[in-house]
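# Coordinate analysis (summary)
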Amino acid sequence: MTLSIAFIGVGNMARSIFSGLLASGYPAEKIMGTSRTPEKREYYQQQYGISMLAENEQAVSQADVVVLCVKPAQMQAVVEEFADYVRDDQLFLSVAAGVELDALEHWLAKPVAVVRSMPNTPSQLGVGMTGLIANKHTNASQKEWVTELFASVGSSVWVDDEVHMHTVTGLSGSAPAYFFRFLEAMIKSAKEQGLDEETSRKLASQAMLGAARMVIELDEPIDQLRKNITSPKGTTEQALLSFEAANIDKVVGDAVFACVERSKELAKAFSAQKD
Ligand SMILES: NC(=O)C1=CN([C@@H]2O[C@H](COP(=O)(O)OP(=O)(O)OC[C@H]3O[C@@H](n4cnc5c(N)ncnc54)[C@H](O)[C@@H]3O)[C@@H](O)[C@H]2O)C=CC1
Ligand SMILES: O=C(O)[C@@H]1CCC=N1
């Protein structure tokens, strides 16, 4: 049986997941979304063929699986508003950064299955990466369903301790933005040297794709892949020396750490909101 899915709060992340799902053949008539903006409801309905509703309660009432896609700061108000409509046979799946399972359980106010996920936007192309953790009310077949859902938009890993979700956020949830930033810097440099934007974008992004595929598909240590490109006294060596001079481990490490710390801060703030 194909489960009906309601996306509460259709924005970037919800769109990334349901567009990936649709591309993988999930029936549009089994997908609902909610938005408070009439123009957005009209747009998503037209563009993707899913049902767009104004009321979260209505979507929750009709769904087997409810995917919570509002911003972390909006989550409590949104969940508490529809909590009376929650049934104990439903599965709730949150994508929110820093919102922990016990906060979600508290706001849902019923012993229901809750899965916390940390996906990323490449899901829209079927190459997403998602970290997952379930509460104690989630059974094996619900976990299997969630694994299949994220397999249809990329890959996933289950973690056994919620503390790891902060690191997942730092490593994959937020990470596409780091790589976009890296590309922006490369393209800027190429343009300063006279190459046009389109050609620069093509060169740098294809190099990034190629590097990622080599890491994923070849069974070789990453440092060896790097060394294979770095001829002694050659060109690559000069670029890498420049990274070392800027202490790349520290620059990147600090960025990942800042992301993880922010996730922890959010968790602390939402945990306090339970009381
Ligand atoms: N954008 C990303 O790359 C990722 C985002 N996330 C998580 O996904 C969640 C959503 O983030 P984005 O999609 O980027 O934000 P977004 O702002 O694009 O989407 C959130 C949507 O919720 C809607 N909304 C707000 N209150 C609502 C309500 N009461 N009823 C119905 N809809 C309502 C907003 O109008 C907006 O369209 C966040 O919790 C974030 O932590 C997780 C992983 C990656
Ligand atoms: O920046 C954010 O808060 C969200 C969560 C992970 C990626 N984007």
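Rules used throughout
Residues numbered from 1 in each chain as written. Chains lettered and ligands numbered in written order. Predicted model: local features only at pLDDT ≥ 70, side-chain atom pairs only at ≥ 80, totals over all residues. Heavy atoms only, no water. UniProt positions renumbered as here; feature names shortened; annotations may be inferred. Axes fitted to C-alpha atoms, helices over the stretch in contact; angles between N-to-C directions. Helix = DSSP H or I, 4+ residues; strand = E, 2+ residues; numbered from the N terminus. Parallel < 35°, antiparallel > 145°, perpendicular 65-115°, else oblique. Left-handed = near helix turned anticlockwise from the far one by under 90°. Contact = heavy atoms within 4.5 Å. Nonpolar A, V, L, I, M, F, W, Y, C, P; charged D, E, K, R; others polar. Near = heavy atom within 4 Å. Areas by Shrake-Rupley, 256 points an atom, 1.4 Å probe, with all protein chains shown as cover. 1 Å grid on protein atoms, 1.4 Å probe; cavity = no way out; pocket = protein on both sides within 12 Å on 5 of 7 lines; lining within 4 Å. Sits in = over half its atoms within 2 Å of the grid points.

As annotated in an unreviewed UniProt entry, the protein chain carries the name Pyrroline-5-carboxylate reductase and is attributed to Marinomonas pontica. UniProt, in the comment section headed Subcellular location (unreviewed entry), describes the protein chain in these words: "Cytoplasm". Its UniProt record gives the protein chain the following Pathway (unreviewed entry) comment, quoted word for word: "Amino-acid biosynthesis; L-proline biosynthesis; L-proline from L-glutamate 5-semialdehyde: step 1/1."

### Some remarks on the packing of helix α8 (residues 175-192) against helix α9 (residues 197-217)
Packed helices, taken two at a time, are described by their axes: the angle between them and the distance between them. Where α8 contacts α9, the two axes come as close as 9 Å, and the packing angle between them is 135°. Judged on the interaxial angle alone, α9 and α8 are oblique. Remark: the crossing between α8 and α9 carries right-handed chirality. Two secondary-structure elements touch here, α8 through Phe-179, Phe-182, Leu-183, Met-186, Ile-187, Ala-190 and Lys-191 and α9 through Glu-197, Ser-200, Arg-201, Ala-204, Ser-205 and Met-208. Here the residues of the contact of α8 with α9 sort into 8 nonpolar, 2 polar and 3 charged.

### A word on the UniProt feature "domain: Pyrroline-5-carboxylate reductase catalytic N-terminal" (unreviewed entry) in the protein chain
In this numbering, the UniProt entry assigns the feature "domain: Pyrroline-5-carboxylate reductase catalytic N-terminal" (unreviewed entry) to residues 5-98. Helix makes up 44% of residues 5-98 and strand 20%, and the two end C-alpha atoms of the span are 23 Å apart.

### So, the site of ligand 2
Residues in close proximity to ligand 2 include Ala-97, Met-118, Gly-173 and Ser-174, which together make up its full environment. Burial of ligand 2 by the surrounding chains reaches 44%, relative to a free accessible area of 250 Å². Mapping ligand 2 onto the cavity grids shows that it belongs to the second largest pocket. Within the shell around ligand 2, the residues separate by chemical class into 2 nonpolar, 2 polar and no charged.

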